[in-house]
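The residues making up each chain are set out below.
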Amino acid sequence: MGKKKDGFVNQITKRSEDFSKWYTELIRRAELADYSPVKGIMVIRPYGYEIWEHIKDNLDIKFKETGHKNAYFPLLIPESFLKKEAEHVEGFAPEVAWVTHGGDNELEERLAIRPTSEAIICHMYSKWITSWRDLPVLINQWANVLRWEKVTRPFLRTTEFLWQEGHTVHATSDEAMEETLKMLDIYKNFCEEYLAIPVISGLKSEKERFAGAVKTYCIEALMPDGKALQAGTSHFLGQNFSKAFNIRFENKEQELEYGWQTSWGVSTRLIGALIMLHGDDSGLIIPPKVAPYQGVIIPISRGNWKETVLPKANEIFENLKAQGFRVQLDDSDVATPGWKFSEWEMRGVPVRIEIGPKDIEKNQVVLVNRINREKSFVSIDELNEKFAELLDKIQNMLFEKAKNFREENTSEAETFEELSSIIETKRGLVTTGWCGSETCETAVKDKNATTIRAIIENQEGKHKICVVCGKESKHTVLFAKSY
RNA sequence: CGGGGCAUGGCUCAGUCUGGUAGAGUAUCGGUUUUGGGAACCGAGGGUCGGAGGUUCGAAUCCUCUUGCCCCGACCA
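All of the points below concern the structure found in this document. One numbering rule holds for all chains: residues counted from 1, following each sequence as written. Key to labels: chains lettered from A, ligands numbered from 1, both in the order written. Residue-level local features of this predicted model are given only where pLDDT is at least 70; pairs of side-chain atoms are given and counted only at 80 or more, and the full residue set underlies all totals for whole chains, interfaces and linings. Excluded from the side-chain calculation are hydrogens and water; included are all heavy atoms of the structure.

Observations regarding the state of the cysteines
Short version of the rule: Any cysteine sulfur atom paired with another within 2.5 Å is treated as part of a disulfide. For the exposure calls, accessible area comes from a 1.4 Å probe over protein chains only, and a residue counts as buried if that area is under 20% of its type's maximum, exposed if over 50%, partly exposed in between.
Counted according to the given criterion, the structure contains 0 disulfides. Left unpaired, Cys191 is separated from the closest cysteine sulfur, that of Cys218, by 12 Å. Of the residues examined, Cys191 reaches a relative accessible area of 1% and is grouped as buried. Left unpaired, Cys435 is separated from the closest cysteine sulfur, that of Cys440, by 3.7 Å.

Structural notes on helix 12 (residues 383–408)
Threshold: Runs of E in the DSSP output that reach at least two residues are strands. Runs of H or I that reach at least four are helices, and both are numbered from the N terminus. To estimate how far a helix should extend, the number of its residues minus one is multiplied by 1.5 Å.
Taking 1.5 Å as the rise per residue, helix 12 with 26 residues should run 38 Å; its terminal C-alpha atoms sit 37 Å apart, in good agreement. For helix 12, the set of buried residues is Leu383, Asn384, Phe387, Leu390, Leu391, Ile394, Gln395, Leu398, Phe399, Ala402 and Arg406.

Points about the sheet that holds strand 4 (residues 76–78)
What counts here: At least two bridges found by DSSP between two strands are what make those strands a pair. For helices, the fitted line uses only the C-alpha atoms of the stretch in contact; every axis is such a line through C-alpha atoms, and the angle between N-to-C directions lies from 0 to 180 degrees.
Strand order in the open sheet formed by 3 strands is 4-6-5, with antiparallel pairing between adjacent strands. In this open sheet, the two edge strands, each paired with only one partner strand, are strand 4 and strand 5 (97–102). Across the sheet, the axes of successive neighbouring strands diverge by a mean angle of 45 degrees, strand direction being ignored. Note that strand 4 and strand 6 (residues 105–113) share 3 bridges and pair antiparallel. Note that in strand 6 the partner of Ile77 across the bridge is Ala112.

A short note on unusual backbone geometry
Backbone torsion omega between Leu135 and Pro136 reads -5 degrees, so that peptide bond is classified as cis. Here Pro136 shows up in the loop between helix 5 (118–128) and strand 7 (137–146). The residue Glu31 is not glycine, and still its phi comes out positive at about 60 degrees. Note that Glu31 resides in the loop between helix 1 (19–29) and strand 1 (33–35). Positioned with a positive phi, Gln254 is a non-glycine residue whose angle comes to about 60 degrees. Taking relative accessible area as the criterion, Gln254 reaches 65% and is therefore assigned exposed.

So this is what it looks like as structure tokens:
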């Protein structure tokens, strides 16, 4: 640990050597998160939480722009409420945690710690909605939820996690469907623009659909180990919940009608996705748009640097902050510059700004790109523009790199044998035809532990037959192993 | 929930087979010298070996149970 090897850091397992180990080790070393005393529950540390804050703040703006308001619903849900929508309970029952006592007294009805909030929110909606004038209801909440998962991994699947859940009610089916797709689109754009994670959007099969939904749409991202990660979902709930919870309104024709609903969410899992997708052997690479620090200024501490270099470094620091950049100045005098380089690379800061005696003479700084360590010498007078340019460049490089990776790892299969062989050798995403039957879907799962991640837009002329049974294909689907 | 692995100063690990009362590196603290890719030296503090029980004169080490973590599957954001 801490020893030099080829000049760079050697303190974490290399991503190229052991991906899983790299992932969990890095999360702790970079101080994104740590394990709590309770199984499967993690502590999100400030550096990790700040990434979540940037995700949250930016998404929140997009939700507000599209007319949504935030609210907060209770953590505890009476058991009877959860049971109202049959498929919903069945789907979530195995992973619900229950509150059974208040102090020493056993409760008459046990309370579920929300695994998701449809039940409590729909109950409230049934009280609030009476007329077509009350619609649409467009509410989102930022909250924590609890699901007693059997296998957990930091950020990707933890017992308690943070997310947002939007719950809307509309007067017509069309309107609700429009909302479902609109939010899916917001997620897709957000993942691609802010997190530099290319995603494929599509529809879930019946088997993979959210418990209680009519249709579940999703965005799926391909991870470096060839597995797909569901990065967000948007559900068209139809009238399933409004009927179960009696959400009715009087329409313009003075008839009582059940509301049409949607729900949609993304979680702290997005952080897991960006760690896996962008990181390298040296550690994290956080996309500039959500990075807690977009740049770190490292003064080269040499001789009387505190009198010569540090004041200039401070000036640059204040200037960049004033321009709205998120920057850090590492002026600690215990660590050497080399140590700092490695440390901040490991933490994924996209740009390093070096300034030393030689630079001061030339009125310049050195900008270093985290992705390829490419150095550029920039006049201090142009620093603001050049820094902003480099951040944009890095944001784009990350996206392009991820997109190329996905393209290289997307295959097509016409037969079951082909599909199996691809999954067993290179993994990745596989597009095929599918007849739509659950029998064929299950056949693939049983043989290859691979599932339909999404039903995608039909590609003309391709995949005319079902990859399993050979009958006529109804959908083009994306198969992959998944997280 | 099945299969496998692991649990020892903050971190990474040695010691376990063959019981004898804990050790290294690193980190931390103090000091001196350094500093353009993880600096060197001197000195100091810090653990009773995941937890419970048992065997024994004696347990990190042997036995039983238990908890947690990691990996691979089945289930899920």
